[in-house]
Amino acid sequence: GENVEQHPSTLSVQEGDSAVIKCTYSDSASNYFPWYKQELGKRPQLIIDIRSNVGEKKDQRIAVTLNKTAKHFSLHITETQPEDSAVYFCAATSNTGGFKTIFGAGTRLFVKA
Amino acid sequence: DAGITQSPRHKVTETGTPVTLRCHQTENHRYMYWYRQDPGHGLRLIHYSYGVKDTDKGEVSDGYSVSRSKTEDFLLTLESATSSQTSVYFCAIRKDSLTEAFFGQGTRLTVV
């Protein structure tokens, strides 16, 4: 079945450094790739997304890249801050049927002050 | 809150009992989803709906059923709860395929 793999599962960086999280997907029908941030005890919330007709998107300190040929997409956070500490999830949405969204297992990011 | 409410927020139930979780939205969105969240597994899709009475299975549908008789409500039922179904359950809604999914607050279910 459809699968999204996410790496690393845990990432620790120093404040001000960059953080990179990578995902791969298996469903060729996927055409929408959102990234969610989840703080402890809260619901996941969208931080950035990218559609399959775009290779890169940036929003302030956050950027996402997509390589459809390789079925890879990545999240880049620059100038990390302690408030970036959270669990980050990548996801892939298929453009068939009910547009189901499959999530990666998550990356726990620690930003050390 | 994107007009999405889950109930109950917390529930403790005994093994073998039926349990129903409710997701209610006021956005008139067509697509609704049920996920469970467990440590190390992220968010796993249980069932989803693309319209009234239109539902389909996700990655981990065994032991769960759903119903959607109205646009605004999507019910998740555990016919006979087991300890392996102890989890946090999230409902999500989306307007269409290329927009974000909004999540409810989650329901923490404990099966003892």
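See above for the structure.
Report follows, based on the coordinates. (Residues numbered from 1 in each chain as written. Chains lettered and ligands numbered in written order. Predicted model: local features only at pLDDT ≥ 70, side-chain atom pairs only at ≥ 80, totals over all residues. Heavy atoms only, no water.)

### Considerations on the environment of Ile 47 of chain A
All names here are of chain A. We apply this condition: The way it works is that DSSP assigns letters per residue, a run of H or I at least four long becomes a helix, a run of E at least two long becomes a strand, and they are numbered from the N terminus. Contact definition: two residues touch when any of their heavy atoms are within 4.5 Å.
Counting through the fold element by element, Ile 47 comes out in strand S5 (residues 45–51). When the C-alpha positions of Ile 47 and Trp 35 are compared, they lie 5.9 Å apart, and in sequence the two are 12 residues distant. Filtering out sequence-adjacent residues up to four positions away, Ile 47 remains in contact with Trp 35, Tyr 36, Lys 37, Asp 59, Ile 62, Leu 75 and Tyr 88.

### A closer look at the sheet that holds strand S1 (residues 4–7) of chain B
Residue and element names in this part refer to chain B. Where we set the bar: The pairing criterion is simple: DSSP has to find at least two bridges between the two strands. Note on method: axes are straight lines fitted to C-alpha atoms, helices fitted across the in-contact stretch only, with angles between N-to-C directions ranging 0 to 180 degrees.
Pairing in this open sheet of four strands is antiparallel, and the strands run S1-S3-S8-S7 from one edge to the other. If you trace the sheet from one side to the other, it starts and ends with S1 and strand S7 (64–70), each paired once. In this sheet, neighbouring strand axes are inclined to one another by 20° on average, regardless of whether the strands run parallel or antiparallel. Relative to strand S3 (residues 19–25), S1 runs antiparallel, the two sharing four bridges. If you follow Thr 5 over to S3, its bridge partner there is His 24.

### Some remarks on the state of the cysteines
For the record, the criterion: Two cysteine sulfur atoms form a disulfide, by the criterion used here, when they sit within 2.5 Å. Think of it in three bands: with a 1.4 Å probe and only protein chains considered, a residue is buried below 20% of the maximum accessible area for its type, exposed above 50%, and partly exposed in between.
Going through the model one piece at a time under the given rule, you end up with two disulfides over all chains. The disulfide bridge from Cys 23 of chain A ends at Cys 90 of chain A, spanning 2.0 Å between sulfur atoms. Across the S-S bond of Cys 23 of chain A and Cys 90 of chain A the torsion is about -100°, and the bridge reads as left-handed. In this pair, Cys 23 of chain A is assigned in strand S3 (residues 19–25) and Cys 90 of chain A in strand S9 (residues 86–94), connecting sequence segments 67 residues apart. Cys 90 of chain A gets classed as buried once you look at its relative accessible area, which sits at 0%. Across the disulfide from Cys 23 of chain B sits Cys 91 of chain B; the S-S distance is 1.9 Å. Here the disulfide of Cys 23 of chain B and Cys 91 of chain B is left-handed, its torsion about the S-S bond being about -70°. With Cys 23 of chain B in strand S3 and Cys 91 of chain B in strand S9 (residues 87–94), this pair connects stretches of sequence that are 68 residues apart. Cys 91 of chain B matches Cys 23 of chain B in its accessibility class, with the two residues each being buried.

### Observations regarding the interface of chain A and chain B
Under the convention used in this document: Buried area is a sum: the accessible area each of two parts loses on coming together, probed at 1.4 Å, counted once for each and added. Put simply, a salt bridge is a Lys or Arg side-chain nitrogen that is within 4 Å of an Asp or Glu carboxyl oxygen. Counted as a polar contact is a pair of N or O atoms within 3.5 Å, where, for protein atoms, one must be capable of donating a hydrogen and the other of accepting one, and residues adjacent in sequence contribute only when both atoms are in side chains. Note that Gly is not counted as nonpolar here; it falls among the polar residues with everything else outside the nonpolar set of Ala, Val, Leu, Ile, Met, Phe, Trp, Tyr, Cys and Pro and the charged set of Asp, Glu, Lys and Arg.
Listed as interface residues are 19 residues of chain A and, on the opposing side, 24 residues of chain B. Together chain A and chain B conceal approximately 1900 Å² of surface at their shared face, both sides included; 57% is due to carbon and sulfur atoms. Contact with chain B buries surface across chain A, with Arg 43, Phe 99 and Phe 103 of chain A losing the most and accounting together for 30% of the total. Taken together, the links from chain A to chain B amount to zero salt bridges. Linking chain A with chain B are eight residue pairs in polar contact (both at pLDDT 80 or more), by the criterion used here. Residue assignment for the side of chain A that touches chain B shows that the elements contributing at least two residues are strand S4 (30–38), S5, S9 and strand S10 (101–103) of chain A. Among the elements that make up the side of chain A that touches chain B, the one with the highest residue count is S4 of chain A (four residues). Here the side of chain A that touches chain B is composed, by residue class, of nine nonpolar, six polar and four charged.

### Quick notes on the packing of aromatic side chains
Convention followed: Any two rings among Phe, Tyr and Trp, with Trp reduced to its six-membered ring, count as a pair given centres within 6.5 Å; such a pair is stacked if its planes are under 30 degrees apart, edge-to-face if over 60, and tilted if neither.
Scanning the entire structure with this criterion turns up 16 aromatic pairs over all chains. Relative to Phe 103 of chain B, the ring of Tyr 35 of chain B has its centre 6.0 Å away and its plane inclined at 45°; by these criteria the two rings are tilted. Taken together, the residues Tyr 35 of chain B in strand S4 (residues 31–38) and Phe 103 of chain B in strand S10 (residues 102–103) connect sequence positions 68 residues apart. Taking the relative accessible area as the measure of exposure, Tyr 35 of chain B reaches 2% and is therefore buried. A relative accessible area of 2% places Phe 103 of chain B in the buried class. Ring geometry for Phe 90 of chain B versus Phe 103 of chain B: centroids 6.1 Å apart, planes at 85°, classification edge-to-face. Of this pair, Phe 90 of chain B sits in strand S9 while Phe 103 of chain B is found in strand S10, placing the two residues 13 residues apart along the sequence. Taken individually, Phe 90 of chain B and Phe 103 of chain B each receive the classification buried, so the pair is uniform in this respect. Three or more aromatic residues joined by ring pairs form one cluster here, namely Tyr 36, Phe 89 and Phe 103 of chain A together with Tyr 33, Tyr 35, Tyr 48, Tyr 50, Phe 90 and Phe 103 of chain B.

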